[in-house]
Amino acid sequence: MDSSHRPWPVPDSPWIMTQNWRHVLFAHWPVDPDLIRPYIPDTLELDLYDGQAWIGYIFLKINGVRLRYTPVVPFLSSYPELNVRTYVNYGDKSGVYFFSLDADHLPVVMGARSLFYLPYTLSKIAVKKDRKGIACNCRRVGSSKTFEARYWPASETFCAEKGSLDYWLSERYCLYTEHDGGLYRCDILHEPWPLQQAEAEISKNTMMVDFEGISLSRDPLLHYADRQKVLMWGLQLV
């Protein structure tokens, strides 16, 4: 896979995992940086666009998951996911910081928590695709937290122009996470996102009820992508 569009080179080590992402919804809300700063590790700087922080809800169907040199295992390779995130900087490398990741797959939840130190939680997630779009229903196990939406593409496919808000929100090539006082980075590689403008009806969203002062009451900025192939590297202590 070509990596010349990436803002910094891929690691010298081989990638360790590949995934396919399908029917991806990007729903983004602007938030006051001062409200979100307490929920970000002190070692990270909030990444802002024109002085504005953003919270993203990314819903997708993941399939084709496999480790390098191993075949796809059907039971382990496909599951829906909802992640809630914001954008951060460490030095000159901007990336994603996750507040939560919900998956309908217990082995994935356990594996990602132990191997990638990511805040995965088990949820019951239903996904249905029909002529009206894609309907998703995510209910966290043992909690009242819920996300329900129907979404669909609403434009021709395009690649976002570098420097635009569309580009800034979607073209991210690493994630950051903390564990035992250490900060880790996981690099990823994919082609530039084949985006479409999107429309959505979000009927329930209580995933961020614990975040004091943050309201997502206004309409979000929406994008859709039908598919993306991703390569992932292992965690690196930074």
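Scoring rules and cut-offs
Residues numbered from 1 in each chain as written. Predicted model: local features only at pLDDT ≥ 70, side-chain atom pairs only at ≥ 80, totals over all residues. Heavy atoms only, no water. Helix = DSSP H or I, 4+ residues; strand = E, 2+ residues; numbered from the N terminus. Rg over C-alpha atoms; globule rule 2.2 N^0.38 Å. Buried < 20%, exposed > 50% of the residue type's maximum accessible area, 1.4 Å probe, protein only. 1 Å grid on protein atoms, 1.4 Å probe; cavity = no way out; pocket = protein on both sides within 12 Å on 5 of 7 lines; lining within 4 Å. Points joined across faces, edges and corners; volume = space filled by probe spheres on them. Nonpolar A, V, L, I, M, F, W, Y, C, P; charged D, E, K, R; others polar. Core = buried A, V, L, I, M, F, W, Y, C linked by side-chain atoms within 4.5 Å. Contact = heavy atoms within 4.5 Å. Phe/Tyr/Trp six-rings, centres within 6.5 Å; stacked < 30°, edge-to-face > 60°. Lys NZ or Arg CZ within 6 Å of the ring centre and 35° of its normal. Salt bridge = Lys/Arg side-chain N within 4 Å of Asp/Glu carboxyl O. Polar contact = N/O pair within 3.5 Å; in protein donor to acceptor, adjacent residues only side chain to side chain. Pairing = 2+ DSSP bridges.

**Remarks on the overall build of the protein chain**
Across its full length, the protein chain carries three helices and 12 strands. Here the C-alpha radius of gyration of the protein chain, 17 Å, is about what a compact globule of 238 residues would show, namely 18 Å. In terms of principal-axis extent, the alpha carbons of the protein chain reach across some 45 × 45 × 40 Å. Buried residues in the protein chain amount to 50% of all 238 residues.

**Comments concerning the environment of Leu221**
Mapped onto the fold, Leu221 is located in strand β12 (residues 221–237). Spatially, the C-alpha atoms of Leu221 and Gly56 are 9.3 Å apart, while their sequence positions differ by 165 residues.

**A look at unusual backbone geometry**
Unlike most non-glycine residues, His23 shows phi in positive territory, near 50°. Position of His23 among the secondary structure elements: in strand β1 (residues 17–31). Within the chain, Tyr69 stands out as a residue other than glycine whose phi angle is a positive 70°. Checked against the element boundaries, Tyr69 lands in the loop between β3 (53–67) and β4 (79–90).

**Structural notes on the layout of surface pockets**
Estimated volume of the largest pocket: approximately 790 Å³. As for the largest pocket, its lining consists of 38 residues, and the residues nearest its centre are Met17, Gln19, Tyr79, Tyr120 and Met232. Listed by contribution, the elements that provide at least two residues to the lining of the largest pocket are β1, β3, β4, β5 (93–103), α2 (106–115) and β9 (174–179). For the lining of the largest pocket, a count of residues per class yields 28 nonpolar, six polar and four charged. In this structure, the second largest pocket occupies an estimated 190 Å³ of space. If you list the elements that add at least two residues to the lining of the second largest pocket, you get β5 and α3 (165–170). For the lining of the second largest pocket, the residue count by class is six nonpolar, three polar and six charged.

**Points about the nonpolar core**
The biggest cluster of nonpolar side chains holds 36 residues, and the ones touching the most others in it are Ile36, Ile55, Tyr57, Phe99, Phe147 and Met208. Put simply, the parts of the chain that give this core at least two residues each are β1, β3, β4, β5, β7 (133–140), β8 (146–153), β9 and β12. Phe147 has contacts with Tyr57, Leu82, Cys136, Asn137, Cys138, Ile202, Lys204, Asn205 and Met207, leaving out every residue within four places of it along the chain.

**Focus: the packing of aromatic side chains**
The geometry of an aromatic ring pair is captured by two quantities: the separation of the ring centres and the angle between the planes. Per the counting criterion, the structure on display carries 13 aromatic pairs. Its guanidinium or amino end placed over the ring of Trp168, Arg172 lies 4.6 Å from that ring's centre, counting from NZ or CZ.

**Some remarks on the pattern of salt bridges**
Two side chains carrying opposite charge are able to pair once their charged atoms lie near each other. The final tally for this structure, using the stated rule, is 10 salt bridges. Measuring nitrogen to oxygen at the nearest pair gives 3.6 Å for the salt bridge that ties Asp92 to Lys93. In this structure, Arg140 engages Asp102 in a salt bridge whose closest nitrogen and oxygen atoms are separated by 2.8 Å. Here Arg140, found in strand β7, pairs with Asp102, found in strand β5; they are 38 residues apart in sequence, far enough to count as distant. Owing to a relative accessible area of 12%, Arg140 belongs among the buried residues under this scheme. Residue classification places Asp102 among the buried residues on the basis of a relative accessible area of 0%. Among the charged side chains, a salt-bridge network with shared partners connects Arg6, Arg185 and Asp187.

**Topic: the side chain of Ser123**
The residue Ser123 is located in strand β6 (residues 120–130) in this model. In terms of polar contacts, Ser123 uses its side chain to reach the side chain of Asp102, at 2.5 Å. In contact with Ser123, not counting residues within four places along its chain, are Asp102, Ala103, Asp104, Cys138, Arg139, Arg140 and Val141.

**A few points about the pairing of β3**
Along β3, 11 of the 15 residues are buried, which leaves the element largely enclosed by surrounding structure. Pairing analysis gives 12 bridges linking β1 to β3, with the strands arranged antiparallel. Counterpart to Pro30 in the pairing with β3 is Trp54. Taken together, the seven bridges between β3 and β4 define a ladder with antiparallel strand orientation.

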